[in-house]
Amino acid sequence: MNLLSILPFAVIAAITLAGALAAAALPNLVHAALSLVLAFLGVAAFFFLLGAEFIGLVQVIVYVGAVAVLIVFTILLTRSDSGRPGYMNWGGVPVALAVLAGLLWALSRTALPAGQAGAAAPLTVLGIGQTLMNQYVWPLQAVGVVLTAALVGAVVLVMEEKR
Amino acid sequence: MIDAADQIFVIAKRLLLSLLMWAPDWVVQVVSSLMNVAAVLGVFLVLFALISVFERKILGRIQNRYGPNRVGPFGLLQPVADGIKMLIKEDIVPRGADKAVHFLAPVAMVAPAILALGVIPYGRNMTAFSIDAGILFFFAVGSATELAVFMAGWSSNNKYSMLGAMRAIAQMVSYELPLIITVLPVVMIAGSLSPDQIVAAQNGYLFGLVPKWFVLTPWGAVAFILFFTASLVESNRTPFDLPEGESELVAGHMTEYSGFKYATFFMAEYFGMFAVSGLAVTLFLGGWHAPAAFLQFIPSWIWFFLKLSVLLFTFIWIRGTLPRVRIDQVMKLAWTFMLPMAFSCLLAAAAWHYISSAALGWFSSLLIVGIAYAGLSKILEARKHLSVRTYQFAE
Amino acid sequence: MGALEAVIAVSIVLFSLGLMAVLTRRDAIFMLIGIEMMLAAGNLNLVAFWHYGPHPEQMTGAMMAIFAMAVAAGETAVGLALILAVYRHRRSTQIDQLNTLKG
C-alpha cells in the first residue's frame, strides 16, 4: 500500500473523526449539529472510497439533506440553553473509552479476510434495483410500511391538541 | 466542417492536453478536470453577469420603463459597475453574530450550486463530469443548500432572519419531493440515471419533423410544468419568494450580509437557477438535440444555450408578472396538489411506455393525467367560495 | 494492518464517539445526534464488510446498509417529534428535568 492509496483514506478518516469529536464535545448546539454534518459527509466519502457510490449519494440525500435538517429545525423550535456549565456529565467518558478499548481489542484478535482492494463488483443502480425487486421485495414493502407509520406518528405527535 | 464546429471545444481541449504528453497519467487527469472546471466556471460567471443586467432590463420593459442604460452601450457594462460596488463595500458583521457560521454560510450556499453545474451535458461529448448516477448527485448537492440557508439565518442573531430562514427551509424541503418524483418518469423511460444517457434517449425524430423530446408527451408536459414550478420554489423566485420578500422581511436570511458576502448569495441563487434550468433542458427538452432534423447543422452547444435562455427568460417573465404567494398556500400546493399530480405522471409514463399499441398508449396516458388533474381540482376547490367580483372606485 | 481493519477501526472510533455523546450530554437533541452517529458507524461497517468480504456480487451488505439508512431516517423523525411534544409540556429538553416517573 503506497502513499497514494493511504493518503485519501487518512484525510477522510481525519475529517470524519474530527467532526464526530466536535459533535460530541462542543457546548454550542448549532456548532455540534454542523460538525455532525461534516462527519456525515466524511462517512459518505468513505462509501465512495469503498466503491458504493449509490449508497454514498443516498447517505448525503438522507442524512445531510433530511436528518440534519430535522435536527436543525428542532433546535430552532426548542430554545435550549445548553451552553451553561454542567452541560456534560463527565462520567460517561470512561464508559465510552472502555467500550472503545474492548472493541479494538476484539478487532485485533479476529482473523479477518485479507482485504483485496477492488475485488468487489461495482455497485450499479441497475443491480441494486434488480436485487431489491427480486430477493428483497418483502423487506422493501416492510420498510415502506415502517416509513408510513413513522410519518403518520410524527405528524400525530406534533399536532396541536384540539381544545 | 459542421462536425468540427460542433466539437470545437472538445478539439481545443484535446490540443491543449497534447502539450502534456510527457507527464504521468495522473497529472494529465488532474489537468483535464481542472480545465473542465475552469470552462464551466468561466461560462457561467459571464452568463451570471449578463443575466443580472438582462433581468433588470426585461423587468423594466415589463413595467413600461427602460432598465439600466447608463453604463456602457444599452447598459451592458452594468455588471462591472455592480461588481466594483460589491467589492468595495464595507463588510459589516453584527455584534452578536456567530462569526464562524456567519462566514461559512455563503460558501456553503454557492458550493453546491457550482457542483451541480458539473454534471449537465452542454453539448455532444461536452459534459464536465460524466457520473453514472448524475441525477442522484444533482439532488444530493441540492439538499445541502437548505443547511446553508439555516446557517445564514441562525448566525445573524436576528429574529427576522430566523423567520425568513425557517420559511425558506420549510419551502425547500416541501418542494424537494415533487422535484424528485417528477424526474422519476424520465429516469424510468430512459432506463438510466446518467444525464448523457437521458439525452441520448431523446434522440430521433418522428416523421422527420417532430423531435422525440419528453416534453412533447402527455406525461412529459405535465412533469415539465411541475418540475418548472418546483424549481421556481427551490430557487426562491417570485411568486414563491416569501422568504426573501423585500416588502416583508428585508432580505430574509440574507439581511445581515453586506458587500461581497451578499454578492455571493446573489450568485448562489442565480447559479442554482442555471443548474436547475440546465437539468430541465436535459431531462425534458432534449438536451443539446436540434428541434428538427434539417436544423442539425447548428452546433449542439448553441441549441443547449438557446433552450437555457428560453427557460431563464420564462423565469424572469414570471417574476415580472405574478404576485407573491402566501406561505401556507405554498405548502398546501406542494402537499395536496403537486405530489398526487407527480404520482399520476409516473403512472401515465408507465402506460405510455408499456402499452403495446402506440396510439392507445398515448391516449391512456393522456387520460390518466387528465383524470388526476380534474379530480384534484374538484376535490381541492370544494371548499372555496368564489363570489362575483365587485369593484370599488373612489368617488 | 490491512485495509479492512483500518476501516473497521474508524467505524469503531465513530461508534464510541457517538456512545460518548449519548452518555455525557444532558440535552435530548445531543443524544439524538449521538444515536445518528452510531447508526452511521454501523452502516460504514456493513459496507466495509460487503466490499472486502467473500461474494461481493450478492450485495448483501450494501442492501442491509440501504435498509438501515431508511429505518434510521424514520426513527430520527419520530424521535424529534417526541422531543418537540415533550418540550411543549415541560418547556425544557434537559433529560434530568424529565424525571416525573421516578420513584
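The following refers to the structure shown. All values reported here derive from a predicted model rather than from experimental measurement.

Conventions adopted
Residues numbered from 1 in each chain as written. Chains lettered and ligands numbered in written order. Predicted model: local features only at pLDDT ≥ 70, side-chain atom pairs only at ≥ 80, totals over all residues. Heavy atoms only, no water. Helix = DSSP H or I, 4+ residues; strand = E, 2+ residues; numbered from the N terminus. Contact = heavy atoms within 4.5 Å. Areas by Shrake-Rupley, 256 points an atom, 1.4 Å probe, with all protein chains shown as cover. Buried < 20%, exposed > 50% of the residue type's maximum accessible area, 1.4 Å probe, protein only. Lys, Arg positive; Asp, Glu negative; His and termini not counted. Charge placed at Lys NZ, Arg CZ, Asp CG, Glu CD. Buried area = accessible area lost by both parts, 1.4 Å probe. Salt bridge = Lys/Arg side-chain N within 4 Å of Asp/Glu carboxyl O. Polar contact = N/O pair within 3.5 Å; in protein donor to acceptor, adjacent residues only side chain to side chain. Nonpolar A, V, L, I, M, F, W, Y, C, P; charged D, E, K, R; others polar. Phe/Tyr/Trp six-rings, centres within 6.5 Å; stacked < 30°, edge-to-face > 60°. Lys NZ or Arg CZ within 6 Å of the ring centre and 35° of its normal. Axes fitted to C-alpha atoms, helices over the stretch in contact; angles between N-to-C directions. Parallel < 35°, antiparallel > 145°, perpendicular 65-115°, else oblique. Left-handed = near helix turned anticlockwise from the far one by under 90°. Expected span 1.5 Å × (residues − 1).

### Considerations on the overall build of chain A
Thought 1: In terms of helices and strands, chain A carries six helices and zero strands.
Thought 2: In chain A, 52% of the contacts between residues at least 6 apart in sequence involve partners at least 24 apart.
Thought 3: In the form shown here, chain A has an accessible surface area of approximately 8,900 Å², with 72% of it arising from carbon and sulfur atoms.

### Focus: the overall build of chain B
Thought 1: Of the regular secondary structure elements, chain B holds 13 helices and two strands.
Thought 2: Based on the C-alpha atoms only, the size of chain B along its principal axes is roughly 65 × 60 × 40 Å.
Thought 3: Across the 395 residues in chain B, those meeting the buried criterion constitute 49%.
Thought 4: Distance between charge centroids for chain B: 6 Å, based on 26 positive and 22 negative side chains.

### Some points on the interface of chain A and chain B
You'll often see interface size given as the accessible area lost when the parts meet.
Thought 1: Opposite the 20 residues of chain A that make contact, chain B presents 19 residues.
Thought 2: Taken together, both faces of the contact between chain A and chain B bury some 1,800 Å²; the carbon and sulfur share is 87%.
Thought 3: The largest share of the area that chain A buries against chain B comes from Leu57(A), Ile61(A) and Leu76(A), three residues that together contribute 29% of it.
Thought 4: At the junction of chain A with chain B, the criterion picks out zero salt bridges.
Thought 5: Counting across the interface, chain A meets chain B through one residue pair in polar contact (both at pLDDT 80 or more).
Thought 6: Contributions of two or more residues to the side of chain A that touches chain B are made by helix H2 (29-49) and helix H3 (53-77) of chain A.
Thought 7: Taken together, the residues of the side of chain A that touches chain B break down into 16 nonpolar, three polar and one charged.

### Structural notes on the packing of aromatic side chains
Thought 1: In total, this model carries 27 aromatic pairs over all chains according to the counting rule given.
Thought 2: Their ring planes at 55° and their centres at 5.7 Å tell us that Phe48(B) and Tyr270(B) sit as a pair that is tilted. Taken together, the residues Phe48(B) in helix H3 (residues 25-62) and Tyr270(B) in helix H10 (residues 260-283) connect sequence positions 222 residues apart.
Thought 3: Here Phe48(B) falls in the buried class, since its relative accessible area comes to 14%.
Thought 4: Residue class for Tyr270(B) comes out buried when judged on its relative accessible area of 3%.
Thought 5: Relative to Phe304(B), the ring of Tyr122(B) has its centre 5.3 Å away and its plane inclined at 90°; by these criteria the two rings are edge-to-face. One end of the pair, Tyr122(B), is in the loop between helix H5 (99-116) and helix H6 (134-155); the other, Phe304(B), is in helix H11 (residues 300-321), and 182 residues separate them in sequence.
Thought 6: On the accessibility criterion, Phe304(B) (1% relative accessible area) is buried.
Thought 7: Put simply, the rings of Phe44(B), Phe48(B), Tyr122(B), Phe266(B), Tyr270(B), Phe271(B), Phe274(B), Phe304(B) and Phe305(B) touch in pairs and so form one group of aromatic residues.
Thought 8: A cation over a ring is seen here: Arg25(C) above Phe30(C), with NZ or CZ 3.7 Å from the ring centre.

### Details of the arrangement of the chains
Thought 1: With two pairs of chains in contact overall, the greatest share of contacts is found between chains A and C.
Thought 2: Contact between chain B and chain C is absent, and the least distance between their C-alpha atoms amounts to 14 Å.

### Quick word on the packing of helix H9 (residues 218-234) of chain B against helix H12 (residues 327-354) of chain B
Residue and element names in this part refer to chain B.
Thought 1: Remark: H9 packs on H12, axes separated minimally by 9 Å, with the N-to-C direction vectors making an angle of 150°. As far as their axial angle goes, H12 and H9 are roughly antiparallel. The two elements H9 and H12 meet at a crossing, and its hand is left-handed. On the side of H9, the interface is formed by Pro-218, Trp-219, Val-222, Ala-223, Leu-226, Thr-229 and Ala-230, while H12 contributes Met-338, Met-341, Ala-342, Cys-345, Ala-348, Ala-349 and Trp-352.
Thought 2: A class-by-class count of the residues in the contact of H9 with H12 yields 13 nonpolar, one polar and no charged.

### What about the packing of H3(A) against H6(B)?
Thought 1: Running from N to C, H3(A) and H6(B) cross one another at 20°; their axes reach a closest spacing of 9 Å. Taken together, H3(A) and H6(B) sit at an angle that is classed as roughly parallel. As H3(A) runs across H6(B), the sense of the crossing is left-handed. Residue-level inspection shows Phe54(A), Leu57(A), Val58(A), Val60(A), Ile61(A), Val64(A), Gly65(A), Ala68(A), Val69(A), Val72(A), Ile75(A) and Leu76(A) of H3(A) in contact with H6(B), the latter providing Leu136(B), Phe137(B), Phe139(B), Ala140(B), Ser143(B), Glu146(B), Leu147(B), Phe150(B) and Trp154(B).
Thought 2: Across the contact of H3(A) with H6(B), the residue classes break down as 18 nonpolar, two polar and one charged.

### Side note on helix H3 (residues 60-90) of chain C
Thought 1: Here H3(C) contains 31 residues, and its C-alpha end-to-end distance of 44 Å stays within 8% of the 45 Å for a straight helix at 1.5 Å per residue.
Thought 2: A positive phi of about 60° marks Arg91(C), the residue just after H3(C).

### With respect to the interface of chain C and chain A
Thought 1: Contacts between chain C and chain A engage 64 residues on the former and 81 residues on the latter.
Thought 2: Summed over both sides, the interface of chain C with chain A buries roughly 6,500 Å², with 80% coming from carbon and sulfur.
Thought 3: Broken down residue by residue, the surface that chain C buries against chain A is led by Arg25(C), Phe67(C) and Met69(C), which jointly contribute 9%.
Thought 4: At the junction of chain C with chain A, the criterion picks out zero salt bridges.
Thought 5: Our count for the contact surface shared by chain C and chain A stands at four residue pairs in polar contact (both at pLDDT 80 or more).
Thought 6: For the side of chain C that touches chain A, the secondary-structure elements that each account for two or more residues are helix H1 (3-24), helix H2 (28-52) and H3 of chain C.
Thought 7: The dominant element in the side of chain C that touches chain A, judged by the number of residues it contributes, is H3(C), at 23 residues.

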